[in-house]
Amino acid sequence: MQIFIVAGMTCAHCVQGITRALEKLDPAAQVTVDLQAGKVLVESALPAEKLGEAIEGEGYTLVASEAL
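Residues numbered from 1 in each chain as written. Predicted model: local features only at pLDDT ≥ 70, side-chain atom pairs only at ≥ 80, totals over all residues. Heavy atoms only, no water.

Visitor: Outline the overall build of the protein chain, supporting the account with residue identities and numerical values.
Guide: If you tally the helices and strands in the protein chain, you get two helices and four strands. Reading the protein chain from its N terminus to its C terminus gives the helix and strand order β-α-β-β-α-β. Rg of the C-alpha trace for the protein chain: 10 Å, near the compact-globule value of 11 Å for 68 residues, within the 12% margin. With the principal axes as the frame, the protein chain shows a C-alpha extent of 25 × 20 × 20 Å. A separation threshold of at least 6 residues defines the contact pool for the protein chain, and within that pool the share at least 24 residues apart is 64%. A total of about 4100 Å² of accessible surface is found on the protein chain, and carbon and sulfur atoms cover 52% of it. (Helix = DSSP H or I, 4+ residues; strand = E, 2+ residues; numbered from the N terminus. Rg over C-alpha atoms; globule rule 2.2 N^0.38 Å. Contact = heavy atoms within 4.5 Å. Areas by Shrake-Rupley, 256 points an atom, 1.4 Å probe, with all protein chains shown as cover.)

Rendered as structure tokens:
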């Protein structure tokens, strides 16, 4: 599982945009967004770099990432 700390997420529209972008890259991805914590948790076979690029492609700032 990859955990991304993301700045700029504020609402359900943000959650939908990030989730769609990640699922477009990997339709089998499991995506959980925690708005209050500013975290996006992703279970995917894709590398963290690709997932992070998808998040940034939606206009958000990737602050940090880590793998569990």
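Don't stop here, the text continues.
Visitor: Can you tell me about the sheet that holds strand E2 (residues 30-34), naming the residues and giving the values?
Guide: Spatially, E2-E3-E1-E4 is the arrangement adopted by the four strands of the open sheet, whose pairing is antiparallel. The sheet terminates laterally at E2 and strand E4 (61-67), the two strands that pair on one side only. Each strand axis lies, on average, 20° off the axis of its neighbour in the sheet, ignoring direction. Of the strand pairs in this sheet, strand E1 (residues 2-7) and E4 are connected by six bridges, and their pairing is antiparallel. Bridge pairing links isoleucine 5 to alanine 64 in E4. Sitting on the sheet, helix H1 (residues 12-25) is in contact with E2 and strand E3 (39-43), with an inclination near 160° to E2. Along the sheet, helix H2 (residues 48-57) makes contact with E1, E3 and E4, crossing E1 at roughly 25°. (Pairing = 2+ DSSP bridges. Axes fitted to C-alpha atoms, helices over the stretch in contact; angles between N-to-C directions.)

Visitor: Quick rundown of H2? Include the residues and the values.
Guide: Of the residues making up H2, those classed as buried are Ala48, Leu51, Gly52, Ala54 and Ile55. The arc enclosing the buried residues of H2, seen along the axis, measures out at 155°, which places them on a common side. Exposed and oriented more than 90 degrees from the buried face of H2 are Glu49 and Gly57. For H2, the elements touching its buried residues are E1, H1, E3 and E4. Positive phi shows up at glycine 59, right after H2, with a value of about 100°. (Buried < 20%, exposed > 50% of the residue type's maximum accessible area, 1.4 Å probe, protein only. Arc of directions from axis to C-beta.)

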